[in-house]
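Architecture and fold: a report
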Amino acid sequence: MTTGTAVPQPTSGLSLLGWFTEALTDWTPQDRSELGRLLARFVDDLTTQLSTLDEESP
């Protein structure tokens, strides 16, 4: 990941998706791929945790 780069701030005219797209513009393809991999892992872990909580509730 690039460090020391100013992160674009969301504005009222910019959607969340647009903001993410703009924020990732200067990232290398490798960094974007790594973010995707880590987000997928996070979602999988969160889903597993929530499933466990659902199974434990009466």
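In this report, the structure presented in the accompanying data block is examined. (Residues numbered from 1 in each chain as written. Predicted model: local features only at pLDDT ≥ 70, side-chain atom pairs only at ≥ 80, totals over all residues. Heavy atoms only, no water.)

Attention now goes to the overall build of the protein. If you tally the helices and strands in the protein, you get 2 helices and 0 strands. Here the protein, with 58 residues, has 9% of them falling under the buried criterion. Accessible area of the protein: about 5100 Å², with a carbon and sulfur share of 60%. (Helix = DSSP H or I, 4+ residues; strand = E, 2+ residues; numbered from the N terminus. Buried < 20%, exposed > 50% of the residue type's maximum accessible area, 1.4 Å probe, protein only. Areas by Shrake-Rupley, 256 points an atom, 1.4 Å probe, with all protein chains shown as cover.)

A separate point is the pattern of salt bridges. Taken as a whole, this structure holds 1 salt bridge when the rule is applied. For Arg37, the salt bridge is made with Glu34, and the minimal N-O distance between the two is 2.8 Å. Of the two residues, Arg37 and Glu34 are both situated in helix H2 (residues 29–56); the distance of 3 residues between them amounts to about one turn of the helix. Classification of Glu34 as partly exposed rests on a relative accessible area of 35%. (Salt bridge = Lys/Arg side-chain N within 4 Å of Asp/Glu carboxyl O.)

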